[in-house]
Each structure stands twice: as structure tokens, then as C-alpha cells.
Amino acid sequence: MTNYIRFTVASLTLALAGWCTQAAAGADTTRIEKGRYLATVADCAACHTAKGGKPFAGGRGIASPVGTIYSTNITPDPRTGIGGYTLADFDRALRRGIAKDGTTLYPAMPYVSYSKVTPQDVQALYAYFMHAVAPVEQANKAEGIRWPLSMRWPLRFWRMAFAPRPVQASADDNMDGNANTSEPASDDPVLRGRYLVEGLAHCGTCHTPRGFALQEKALSDTTKTYLSGAVVDGYLAKNLRGDPKNGLGTWSADDIAAFLKRGRSDDAAAFGGMAEVVAHSTQYMSDADLAAIAAYLKSLSPLDPNGDALMADDTAATALRSGADRSNGALTFVDNCAACHRTSGAGYDDTFPKLARSSVVNSDNAASLIRIVLLGSEMPSTQAAPTHYAMPGFAARLTDRDIADVLTFVRASWGNHAPAVKAADVAKARAAAHAAPPPRRAENE
Ligand code: HEC
Ligand code: HEC
Ligand code: HEC
């Protein structure tokens, strides 16, 4: 009897122990999988994976006004990566921009946004990087920044001036507590959307204009500069606020979510830096998170409270079809653009974006338009919309004057209303993009 009891207790203990480790492993797997998802939302790979390089091994050059900054190896390799980082070290780098050796990171690492991330999400990211990312031995590259800007100590002052401190300073404090951050305690999708947009998804890194010291002018919707548009790598990461003309005022929440998931909507398609954001990050977000982001963006008031919606106008389409408009802009459009974007500027749903009353076309700053016409572009292929279409580049075919004229025409037709484009601006963009002009006509210019 006693033996039987002992036996049962022993097997029960064993069974219980087994169950406990399984449960613990289950919790870890859940945490690791959560971390994997969050790393995609945060798009860590965008910067930490070099083109053709091993995942997260760093070495990707990020252009900055002071020179090229190379991302570092964040695989768990103990010697060249972050294998030796404790959770507290990892947290300090991620949310405060301080490396393990105490130096301050360049703000090319978006720790200013990540400061909003909850401790729980930091823990999940840490679990993922430590346990599910393959270690890669690859030494970090030296920064391509010249002295005196290469000195790191001024970065500390930058950080103190511009980086918000996470309310909960370090992972050593109760990481499970519910301190810090903008993460909502409720299920309100707008609050969840705000948490993602301001924090992990760091949309403001590209979409918020920068100030004199290259700091983002606002890190949340405290002023209307937040997400009101900025030029990144020659493209305008445009206004995402409620403006009907050049923001997202005429987009429904569903349009926004579809764009982020599919890389296109009926009327628009992602290009420039946004194509990569969609390809590597937003297309993999859950529908609930996409709906939350869309709901939050729809809550942003317009930058210009007096801005009117654009009214449809078919004067230009009629003139193009009858051949009445003989201007260089109209003729260039008919010869080079109308096959895809149509004389009505309506494009084809889901295939060739609409130019009529498009928020991209009607942004004051024409950087994106000039660049896409010079270089062409290919929309991202996504799980939800694998077939993707391309636009050819016209740098070798159209002169600076032709491009300025055709864009000025586009920006004044079909109800569009945006400033004319100058040939001098095209020339500057062409030089920056190293795009040679058309051979013959260039001599006459
Ligand atoms: C927009 C680009 C960008 C994104 C996105 C980004 N990083 Fe970074 N990260 C950098 C750069 C650049 C550095 C190096 C900065 C320096 O050398 O001062 C860096 C440095 C780091 C460091 C410090 C490593 C060290 O060697 O001390 C860690 C840790 C890190 N990143 C983790 C992450 C994680 C985790 C994510 C996603 C949640 C992420 N980063 C997303 C650009 C980025
Ligand atoms: C690496 C820079 C970068 C980041 C980060 C970024 N964007 Fe963009 N975004 C752009 C650029 C450039 C454009 C303009 C090209 C285009 O319309 O696709 C753009 C365009 C958009 C558009 C299309 C607007 C229109 O009127 O056509 C939406 C919507 C958008 N971004 C939402 C977001 C959201 C939400 C985030 C954060 C999850 C985000 N972006 C993060 C660069 C970025
Ligand atoms: C072969 C078809 C084709 C031709 C010809 C063409 N485009 Fe495009 N255009 C596209 C496609 C496809 C996109 C989407 C590219 C992307 O998202 O990367 C696009 C995007 C654009 C956009 C960005 C619109 C938005 O809201 O996303 C503008 C502006 C534009 N084209 C203007 C022009 C002009 C001006 C011309 C003539 C000089 C022209 N296109 C010729 C296919 C074409």
C-alpha cells in the first residue's frame, strides 16, 4: 500500500514536473513567436539585414546627412553579435539608444520611437533574438562618418535633448509591470493603432518632418507636424493626416488597411521606401493590427484645417482626346503616360494608379513624382497581391523640361491642384539619382 502510494506520488511528481517544463516551454514558445511577430512589425530586418546578407547580421549602410551609418550584428553570436547582452542591455539599446559599452547609438536606430514599446514586448523581442535567430559571426563595419562628426559623445547630448525616456527606465525594474508607454490598457483599436504607429512600427521616422538637429519634430499627435510628411531618399513620405487633398482624408480605414496589406489600393500603389515597408513589414501584420493602425491614422486631424477636397473635372480629358491641347506637357503625357494612366487620369484599378485627385500627385512637394518619372518603379509583390506591375523610367527619354512640363500638366488636370514643377528641380533630382539625360536633345537644352 505504502509502496503503491509512494509509486503514485513519484509518478505524479514526475508527470507534474513534465507538465511544468512543457508549460514553461509552451510559454517560451509563445513569447518567442510573439517576439518574431513584433520584430516584423518593427521591421528590424529592414536595417539589420544587408542586401544579400545573413538575417540580422548587420552591415547595411544607412545614408544620413553626416555620412553612412552601418547597422550592427544583432544575431546572438557572443563575439560579434549581441549574444552577451542581458535583457537589461538589450532593453537599454532598444529603448534608450545606449550600447552595452555605454556609448550612445546613432539615432538612425529608431530608439526614439522604440522608447514607447512596453517592457513585455521588449521581453518577447529579446526571447526571439536570443533563441530563434541563428547566430552569425560577422564583425561590425566601421562607420563611414568622418571626424569630428564621428565622435560619439555629442550623441549623448542629442539623446538627452530629443529622446523621450521610457517611463520605466530599465528592464531591471519590474518588466512585467504595466508602466511606461502608450500601450492601451483597453481594447480600443485607436489606442492599439497609436501604440504601433508611434512605437514599434516607427512610421514617423519617415513621415514626420525633422528639425534643425534632425530630430523628428513631433513623436506623437501633440502637434500637427506629426506624420505631416518629409522627404526620405529622394521620395516624399507623404502626409498621413486627414487632409482631403494631399493626406488620407479621402481614404477609408479599409483603403488604408488594404494598402498596407497588399501594397496597393484600387487607386494607389506603394513605391520608394514604402514599397519596402510593405514588403518586409506591414503585409505580415494581423488584420486586427492593420485595422487598428488605419483607425488611428483616421483620427489625425488635417494639417490644413481649411483645405478643400478636390472636385472632378473632365476638361483635360476632353482636350486630350480631341487633340485640342498641344502643349508640351499634354503631348508628353499622351505619348508616354496615357497608355497606363489613361487620358482621364483614372488608371486601372489595382494595376496602374490613379493620377486624378491622387494625394501623391497633389502634395506640394513634387519630389516623389520627379523621381518616379526619372527612375520608374515596381510595386511590391505581396502575399495578398502577388502580381505586381512596373512603370518604366523616363530619364533617358525625356529632358528635364519635358518631365517638368508633363508633371505640371498632371498636377493641373482632372481636378488636380498643385504647384508647377520646375525644370531646375528635375535637374537636381536627376543629378542626385545619377540618371543620365537623353543623349541627343540634351545638347540642345
Ligand atoms: C531604421 C533602421 C533600423 C531599424 C528599423 C532597427 N535598427 Fe537597430 N540599429 C540601427 C543602426 C544604424 C544601429 C547602429 C547604431 C550605431 O552604430 O550607433 C543599430 C543598433 C542596434 C543595437 C545595438 C547593437 C550593438 O551593437 O550595441 C541593437 C541591440 C539593435 N539595433 C536592435 C534592433 C532591434 C531589435 C530592432 C527591431 C525592433 C532594430 N534594431 C531596428 C538601425 C536600425
Ligand atoms: C522607410 C520610410 C517609411 C516608413 C518607415 C513608412 N513609410 Fe509610409 N511612405 C513612405 C514613402 C516614401 C511614401 C510615398 C510613396 C507611396 O505613396 O507609396 C509612403 C506612403 C505611405 C502611404 C500612402 C499614402 C498615399 O496617399 O498614397 C501610406 C498609407 C503610408 N505610407 C503609411 C505608413 C504607415 C502606416 C507606416 C508605419 C507602419 C509607414 N507608412 C512607414 C515611406 C515610409
Ligand atoms: C507601363 C505603364 C506605365 C507608364 C507608361 C507610366 N506609368 Fe506611372 N505608374 C505605373 C505603375 C505600375 C505605377 C505604380 C508603381 C509603384 O507603385 O511602384 C505608376 C505610378 C505612378 C505615379 C505614382 C502614383 C501613386 O499614387 O502611387 C505617378 C505620379 C506616375 N506613375 C506618373 C507617370 C507619368 C507622368 C508617366 C509618363 C511620363 C507614367 N507614369 C508612365 C505604370 C506606368
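Residues numbered from 1 in each chain as written. Chains lettered and ligands numbered in written order. Predicted model: local features only at pLDDT ≥ 70, side-chain atom pairs only at ≥ 80, totals over all residues. Heavy atoms only, no water.

- Per an unreviewed UniProt entry, the protein is named Mono/diheme cytochrome c family protein, and its organism is Paraburkholderia unamae.
- Listed in UniProt under the heading Subcellular location (unreviewed entry), the comment for the protein reads: "Cell membrane". (UniProt positions renumbered as here; feature names shortened; annotations may be inferred.)

## Concerning the coordination of the iron atom of ligand 1
Okay, so step 1: Within the protein, the atoms that donate to the iron atom of ligand 1 are His 48 (NE2) and Met 109 (SD), at distances of 2.0 to 2.2 Å.
Okay, so step 2: Taken together, the six donor atoms coordinating the iron atom of ligand 1 and their angles of 87 to 180° define a geometry best described as octahedral. Placement of the pair is His 48 in helix α2 (residues 44-48) and Met 109 in the loop between α3 (87-96) and α4 (111-114), with a sequence separation of 61 residues. No difference in accessibility class separates His 48 from Met 109, as the two residues are buried. (Donors = N, O, S within 2.8 Å, 3.2 Å for Na, K, Ca; no water. Tetrahedral: all angles 85-135°; square planar, octahedral: opposite > 155°, others 65-115°. Helix = DSSP H or I, 4+ residues; strand = E, 2+ residues; numbered from the N terminus. Buried < 20%, exposed > 50% of the residue type's maximum accessible area, 1.4 Å probe, protein only.)

## A word on the coordination of the iron atom of ligand 2
Okay, so step 1: Surrounding the iron atom of ligand 2 are the protein donor atoms His 207 (NE2) and Met 274 (SD), at 2.0 to 2.2 Å.
Okay, so step 2: One way to put it: the six donor atoms around the iron atom of ligand 2 meet at angles of 86 to 179°, and that makes the site octahedral. Here the residue His 207 occupies a position in helix α8 (residues 204-207), and Met 274 occupies one in helix α10 (residues 273-280), the gap between them amounting to 67 residues.
Okay, so step 3: Judged by relative accessible area, which is 22%, Met 274 ranks as partly exposed.

## Regarding the site of ligand 3
Okay, so step 1: Every one of the 24 residues lining ligand 3 counts as a neighbour, but Cys 337, Cys 340, His 341, Ser 377 and Met 391 are closest to it.
Okay, so step 2: A distance of 3.2 Å separates an oxygen atom of ligand 3 from a polar backbone atom of Met 379.
Okay, so step 3: Those elements that place two or more of their residues in the shell around ligand 3 are α14 (338-341), α15 (367-375), β6 (377-378) and β7 (390-391).
Okay, so step 4: The leading source of residues in the shell around ligand 3 is α15, at three residues.
Okay, so step 5: The residue makeup of the shell around ligand 3, split by class, is 18 nonpolar, five polar and one charged.
Okay, so step 6: The residue makeup of the shell around ligand 3 includes at least three contributed by each of domain 2 (189-298) and domain 3 (315-444). (Near = heavy atom within 4 Å. Polar contact = N/O pair within 3.5 Å; in protein donor to acceptor, adjacent residues only side chain to side chain. Nonpolar A, V, L, I, M, F, W, Y, C, P; charged D, E, K, R; others polar. Domains from an automatic or database assignment.)

## Section: the pattern of salt bridges
Okay, so step 1: Across all of its chains, the model carries 16 salt bridges by this definition.
Okay, so step 2: Between Asp 350 and Arg 262 there is a salt bridge; the shortest N-O distance is 3.0 Å. In this pair, Asp 350 is assigned in the loop between α14 and α15 and Arg 262 in helix α9 (residues 253-262), connecting sequence segments 88 residues apart.
Okay, so step 3: We classify Arg 262 as partly exposed; its relative accessible area is 22%.
Okay, so step 4: The partner of Arg 430 in a salt bridge is Asp 400, with the nearest N and O atoms 2.6 Å apart. Taken together, the positions of Arg 430 in helix α17 (residues 423-432) and Asp 400 in helix α16 (residues 400-410) put the pair 30 residues apart, joining distant regions of the chain. (Salt bridge = Lys/Arg side-chain N within 4 Å of Asp/Glu carboxyl O.)

## Thoughts on the environment of Ala 366
Okay, so step 1: Secondary-structure assignment places Ala 366 in the loop between α14 and α15.
Okay, so step 2: Residue Ala 366 is classed as buried on the basis of its relative accessible area of 12%.
Okay, so step 3: C-alpha separation for the pair Ala 366 and Val 231, spaced 135 residues apart in sequence, amounts to 10.0 Å.
Okay, so step 4: The residues contacting Ala 366, other than those within four sequence positions of it, are Arg 411 and Val 421. (Contact = heavy atoms within 4.5 Å.)

## Comments concerning the layout of surface pockets
Okay, so step 1: Of the pockets and cavities examined, the second largest pocket occupies roughly 720 Å³.
Okay, so step 2: Looking at the second largest pocket, it is lined by 36 residues, and the ones nearest its centre are His 48, Thr 72, Ile 74, Leu 105 and Met 109.
Okay, so step 3: Secondary structure elements with two or more residues in the lining of the second largest pocket: α2, β2 (67-70), α3 and α5 (119-131). (1 Å grid on protein atoms, 1.4 Å probe; cavity = no way out; pocket = protein on both sides within 12 Å on 5 of 7 lines; lining within 4 Å. Points joined across faces, edges and corners; volume = space filled by probe spheres on them.)

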